[in-house]
Amino acid sequence: MDKIIIEGGYRLNGQVAISGAKNAALPILISALLTDGWCTYHNVPDLMDIHSTITLLKHLGAQVETDFGSHTVRIDASRLFNPEAPYDLVRKMRASILVLGPLIARLKKARVSLPGGCAIGARPINLHLKGLAALGAQIELQHGYVEAVAERLIGNEIYFDIATVTGTENLMMAAVAADGKTILRNAAREPEVVALADVLNQMGANIIGAGTSIITITGVKRLKPVTTAIIPDRIEAGTFMVSAALTQGDVTLVNCDPSHLEAVIHKLRLTGAKIDVSARGIRIQGPETISSVDVKTLPYPGFPTDMQAQFMVLMSVANGLSLISESIFENRFMHVGELRRMGADITISGNAALIKGTSHLSAAPVMASDLRASASLILAGLVAQGRTEVNRVYHLDRGYEAMEKKFADIGAAIQRVT
């Protein structure tokens, strides 16, 4: 099993090209199920979750062509015939539940295994099912599978008790094929939701309001194939921004969208980091002394939960006390035990972590528990004294493309060992 070895203490300097966003690419690739003909997607990241999605799409009957050298994927779902997404394919990745809406819209039925993914909380799909039922689907849970049938979807008004990204995306994809108008209230506002809506509109859908809490979808009879590009990954960009702040580095990010990172930029500036935003990208210069900053994770446009673990590393070597509150997932502090092994002074109380900054971290063998925890441990290794060994990095490969190479290119002493 692969592991990543880091020798800490090197200042990062240079330029990083940000890859396409995994969390945008997954629903956009899946949206190809809604139409006949070849859809072409550019800037698709070469990640395990992307490959898992491609395997699932092929299982459902889609033809898929890939060229990851040019980050291009082509999908033709003209011969879509299989309404079942089995456990063996779905268990690896929670986003697999996103095939539910398109399958119901296209084949009038679906049988989809309850999903897997990172162990960071329950993340139930009841809001997906409640919404699909409101559109006219008959839903049953049988033997670990969601079984749904809908001869006809009819537009309706749907209120989400909690803003859910995948729930919003699933309901948008189903509603484009419904008769009449669907209104999603308390919809997720994330850039990835907007990206999916933009692609669906390019395909001929009628969606307005994406990026706000109220999205209105007027059903259409048919969608057409599309050629489009995946938006940049704001979480990868945020991770590299933190790495520059951690190491007193000077790093410029290209192919990123600063408007997706306003909460992260604001908090990093409060730590003392100098951040310049331009048409070319984002330049981050780390401070000599890192100031402590409190953070509470919130749905977009608040501070992203996917940046919580990385920011905690920064606060572990900051000057003073900081409080990080996690309001999105109930089990997202699993990285804390491993950071403590490296000398971090972190006390957990419920959904809050109190961090007392220390002068340095010490290298240690550590084990990743989920995708963002993996990134946080690599960041800790960049500033730890000695040689850090990060195990179970298959989590990292789900969401970061060639991370160790990108870090090595800007001065980190890092390598992957098989």
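See the structure printed just above.
So, here's what we can say about the structure. Quick caveat, the model's predicted, so the values are computed rather than measured. (Residues numbered from 1 in each chain as written. Predicted model: local features only at pLDDT ≥ 70, side-chain atom pairs only at ≥ 80, totals over all residues. Heavy atoms only, no water.)

1. Some thoughts on the pairing of strand β13 (residues 214-218)
The criterion, for reference: A strand pair is defined by DSSP finding two or more bridges across the two strands. Secondary structure elements follow DSSP: runs of H or I no shorter than four residues count as helices, runs of E no shorter than two count as strands, and numbering proceeds from the N terminus.
Pairing geometry for strand β11 (residues 181-185) and β13, over five bridges, is antiparallel. Its bridge partner being in β13, leucine 184 is matched across the sheet by isoleucine 215. Two strands pair when backbone bridges link them, and strand β12 (residues 206-208) and β13 are joined in this way by three bridges, in the antiparallel orientation. Paired with isoleucine 208 across the strands is threonine 216, a residue of β13.

2. Concerning the pairing of strand β17 (residues 282-285)
Put simply, the rule reads: Accessibility here uses a 1.4 Å probe with only protein chains present; expressed as a share of the type maximum, an area under 20% marks a residue as buried, one over 50% as exposed, and anything in between as partly exposed.
Taking every second residue as pointing to the same face, the buried face of β17 carries Ile282 and Ile284, while none of Arg283 and Gln285 on the other face is buried. Bridge analysis of strand β15 (residues 250-254) against β17 gives four bridges, and the strand direction is antiparallel. Across the sheet, valine 251 pairs through a bridge with isoleucine 284, a residue of β17. Pairing between strand β16 (residues 274-277) and β17: four bridges, direction antiparallel. For aspartate 276, the partnering residue across the bridge sits in β17 and is arginine 283. Hairpin connection, β16 to β17: the antiparallel pair is bridged by four residues, and glycine 281 has positive phi, about 155 degrees.

3. So, the nonpolar core
Going by this rule: In these notes, a set of buried Ala, Val, Leu, Ile, Met, Phe, Trp, Tyr and Cys residues joined through side-chain atoms within 4.5 Å is what counts as a nonpolar core. The contact definition used throughout considers only heavy atoms, calling two residues in contact when any of these lie within 4.5 Å.
Counting 77 residues, the largest nonpolar core has Leu100, Met172 and Leu200 as its most contacted members. Not counting the four nearest positions on each side in its chain, leucine 100 is found in contact with Ala110, Val112, Leu129, Leu132, Val146, Ala148 and Asn170. Residues Leu12, Leu361, Leu396 and Met403 belong to the second largest nonpolar core, which totals 67 residues.

4. Considerations on the sheet that holds strand β7 (residues 109-113)
The condition is simple: Angles here are taken between N-to-C directions and fall from 0 to 180 degrees, while the axes themselves are lines fitted to C-alpha atoms, restricted in helices to the stretch in contact.
The strand order across the open sheet formed by four strands is β6-β7-β9-β8, and the pairing between neighbours is mixed. Of all the strands in the sheet, just β6 (84-85) and β8 (138-142) have a single pairing partner and so form its edges. Sheet topology note: the β7/strand β9 (residues 145-149) ladder contains five bridges and is antiparallel. Within β9, the position partnered with serine 113 by the bridge is tyrosine 145. Each of β7 and β9 is contacted by helix α4 (residues 100-107), which is oriented at about 155 degrees to β7, the strand it contacts most.

5. Description of the sheet that holds strand β14 (residues 227-229)
Strand order in the open sheet formed by four strands is β4-β5-β3-β14, and the pairing between neighbours is mixed. Both edges of this open sheet fall to β4 (63-67) and β14, since each of them pairs with a single strand only. With strand direction ignored, the average angle separating the axes of adjacent strands in the sheet is 15 degrees. Across four bridges, the pairing between strand β3 (residues 38-42) and strand β5 (residues 72-76) is antiparallel.

6. Observations regarding the packing of aromatic side chains
Stated precisely, the cut-off is as follows: Ring pairs shown here join Phe, Tyr and Trp side chains whose ring centres sit within 6.5 Å, with only the six-membered ring taken for Trp; geometry is labelled stacked below 30 degrees between planes, edge-to-face above 60, and tilted in between. Any Lys NZ or Arg CZ found within 6 Å of a ring centre and within 35 degrees of that ring's normal is scored as a charge over the ring.
Under the definition given, this model contains two aromatic pairs. Seen from their ring centres, phenylalanine 240 and phenylalanine 407 are 4.6 Å apart, and the 35 degrees between their planes marks the pair as tilted. With phenylalanine 240 in helix α8 (residues 234-246) and phenylalanine 407 in helix α13 (residues 403-409), this pair connects stretches of sequence that are 167 residues apart. Like phenylalanine 407, phenylalanine 240 is buried. Consider the rings of phenylalanine 303 and phenylalanine 311, whose centres lie 5.4 Å apart with planes at 75 degrees: the pair is edge-to-face. Given a relative accessible area of 4%, phenylalanine 303 falls into the buried group. Arginine 111 extends its terminal NZ or CZ atom over the ring of tyrosine 145, reaching a point 3.8 Å from the ring centre.

7. Digging into the side chain of aspartate 306
Turning to its location among the elements, aspartate 306 is positioned in the loop between β18 (295-296) and α10 (308-316). Residue classification places aspartate 306 among the buried positions, given a relative accessible area of 16%. If near-sequence neighbours (up to four positions away) are discounted, aspartate 306 is found in contact with Asn23, Ile235, Arg332 and Arg372.

8. Here we look at the pattern of salt bridges
Inclusion rule: Whenever Lys or Arg places a side-chain nitrogen within 4 Å of a carboxyl oxygen from Asp or Glu, that contact is recorded as a salt bridge.
Across all of its chains, the model carries 20 salt bridges by this definition. Here arginine 111 ties to glutamate 147 by a salt bridge, and the two come within 3.0 Å at their closest N and O atoms. A residue pair is termed long-range when its members are at least 10 positions apart, and arginine 111 in strand β7 and glutamate 147 in strand β9 qualify at 36 residues. By relative accessible area, arginine 111 is classed as partly exposed at 24%. For glutamate 147, a relative accessible area of 26% gives the class partly exposed. Note that glutamate 192 is salt-bridged to arginine 234, the shortest N-O span being 2.8 Å. With glutamate 192 in helix α7 (residues 191-202) and arginine 234 in helix α8, the pair connects residues that are 42 residues apart, well separated along the chain. Glutamate 192 gets classed as buried once you look at its relative accessible area, which sits at 6%. Beyond isolated ion pairs, a larger network of salt bridges with shared partners links Asp2, Asp397, Glu404 and Arg416.

9. Section: the packing of helix α1 (residues 22-30) against helix α2 (residues 48-60)
Inclusion rule: For classification purposes, an angle smaller than 35 degrees is called roughly parallel, one larger than 145 roughly antiparallel, one from 65 to 115 roughly perpendicular, and anything else oblique. Think of it as three bins: nonpolar holds Ala, Val, Leu, Ile, Met, Phe, Trp, Tyr, Cys and Pro, charged holds Asp, Glu, Lys and Arg, and polar takes everything else, Gly as well.
Running from amino to carboxyl end, α1 crosses α2 at an angle of 10 degrees, the nearest separation of the two axes being 10 Å. Relative to α2, the element α1 is oriented roughly parallel. Packed against α1, whose contacting residues are Lys22, Ala25, Leu26, Leu29 and Ile30, the element α2 presents Asp49, Ile50, Thr53 and Leu57 at the interface. For the contact of α1 with α2, the per-class residue count stands at six nonpolar, one polar and two charged.

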